[in-house]
Amino acid sequence: MIVKTKKYQLDTGTYIKIGLGNILKEQWWVVLIALAIASGYFWIASWWWISMAILAYVLYWLFWVIQFAGVTQMEQNKAIFERMAYEIDSRQILMKINTKQGMPVKWDMIKKAEIKKDAFILTMSKAQFIHLPFRIFNSENERKFMETILKRKGFTA
C-alpha cells in the first residue's frame, strides 16, 4: 500500500521551531556548561560569573536561531519550503513537487521519528526533518498505516 498525501508547504516558522526543539533535545547538556561557569560565583564572589554564563547561553541560542533562520533564506534550500505531496510506502518516502520532479528519502536515512499530537516528525539530522501534519493524510486509515510503518521500522513502540 502507498500513502499519497495532499500537497503541503512547510512554514518557515514551523521549521525554525521544530529545529530549535531538536537542538534542545540533542544538546541539553549545554545548560550544564552555563551552570558550571555560573558556579564560579562560589569560588570568587562576583556577579560577573552569573552574567557571563547567562550571556554565553543566550549567545549559543542566538547562534542556532540565526542558523535556522538562514536556512530558510538560502536559495539551495527553497525546495524544502515549496508545496509538495508525499508518497509513503515501506521502502521510501517520495517527496514530489509535481508529477515529474521528486526526491526519494530511504527509510535508513531517518534517524528518529516522533508522533506529536498533530503531526509526524521524521528527523534525519539536526536541521533536516520531514514534518507531516495529520491533516495532509486523506483518511484516518492512511495515518494509521503510517504509524504501522514507523512501528515496523523500529521508530516507535
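Just so it is clear, the structure is predicted and the values come from calculations on it, not from any experiment.

A. Just the sheet that holds strand β7 (residues 129-133), in detail. Read from one edge of the open sheet, three strands run β5-β6-β7, paired in antiparallel fashion. The two strands at the open ends of the sheet, each matched to only one other strand, are β5 (112-115) and β7. Across the sheet, the axes of successive neighbouring strands diverge by a mean angle of 10°, strand direction being ignored. Both strand β6 (residues 119-123) and β7 contribute to a ladder of five bridges, which runs antiparallel. Counterpart to Ala-119 in the pairing with β7 is Pro-133. Across the sheet, helix α1 (residues 12-26) touches β5, β6 and β7, and the angle it forms with β7 is around 120°. The strands that helix α4 (residues 140-152) touches are β5, β6 and β7; relative to β6, the one it contacts most, it runs at about 30°.

B. The packing of aromatic side chains, seen in detail. Counted according to the given criterion, the structure contains 13 aromatic pairs. Aromatic side chains Tyr-15 and Phe-129 sit 5.2 Å apart centroid to centroid with 20° between the ring planes, which places their arrangement in the stacked category. One end of the pair, Tyr-15, is in helix α1; the other, Phe-129, is in strand β7, and 114 residues separate them in sequence. Centre to centre, the rings of Tyr-41 and Trp-47 are 5.2 Å apart; their planes meet at 40°, and the pair counts as tilted. Judged by its relative accessible area of 60%, Trp-47 is exposed.

C. Looking closely at the sheet that holds strand β3 (residues 92-96). Pairing in this open sheet of four strands is antiparallel, and the strands run β1-β2-β3-β4 from one edge to the other. The sheet is open, and its two borders are formed by β1 (3-4) and β4 (102-106), each paired with just one other strand. In this sheet, strand β2 (residues 85-88) lies alongside β1 in antiparallel orientation, the contact comprising two bridges. From the neighbouring strand, Val-3 faces β2, where its bridge partner is Ile-88.

D. The arrangement of the side chain of Glu-87 in detail. Here Glu-87 is to be found in strand β2. Aside from chain neighbours lying at most four places away, what touches Glu-87 is Ile-2, Val-3, Lys-4, Gln-92, Ile-93, Leu-94 and Lys-96.

E. View of a nonpolar patch on the surface. A surface patch of nonpolar side chains, about 670 Å² in accessible area, is lined by Trp-28, Trp-29, Val-31, Leu-32, Ile-33, Leu-35 and Ile-37. Looking at the secondary structure, you find Ile-33 in helix α2 (residues 30-38). For Ile-33, a relative accessible area of 45% translates into the label partly exposed.

F. Layout of the pairing of β3. With four of five residues buried, β3 lies mostly within the body of the structure. Alignment of β2 against β3, held across four bridges, turns out to be antiparallel. Within the sheet, the bridge partner assigned to Glu-87 lies in β3 and is Leu-94. Counted along the chain from β2 to the antiparallel partner β3, the turn is three residues long. What sits between β3 and β4 in their antiparallel hairpin is a turn of five residues.

G. Representation of α1 in the model. The first and last C-alpha atoms of α1 sit 21 Å apart over 15 residues, in line with the 21 Å expected at 1.5 Å per residue. When we look at burial in α1, the residues that qualify are Tyr-15, Ile-18, Gly-19, Leu-20, Asn-22 and Ile-23. Elements in contact with the buried residues of α1: α3 (47-73), β5, β6 and β7.

What counts, and where the lines are drawn
- Residues numbered from 1 in each chain as written.
- Predicted model: local features only at pLDDT ≥ 70, side-chain atom pairs only at ≥ 80, totals over all residues.
- Heavy atoms only, no water.
- Pairing = 2+ DSSP bridges.
- Helix = DSSP H or I, 4+ residues; strand = E, 2+ residues; numbered from the N terminus.
- Axes fitted to C-alpha atoms, helices over the stretch in contact; angles between N-to-C directions.
- Contact = heavy atoms within 4.5 Å.
- Phe/Tyr/Trp six-rings, centres within 6.5 Å; stacked < 30°, edge-to-face > 60°.
- Buried < 20%, exposed > 50% of the residue type's maximum accessible area, 1.4 Å probe, protein only.
- Patch = residues over 30% accessible without salt bridge, like charges linked within 9 Å, V, L, I, M, F, W, Y side chains within 5 Å.
- Areas by Shrake-Rupley, 256 points an atom, 1.4 Å probe, with all protein chains shown as cover.
- Salt bridge = Lys/Arg side-chain N within 4 Å of Asp/Glu carboxyl O.
- Expected span 1.5 Å × (residues − 1).

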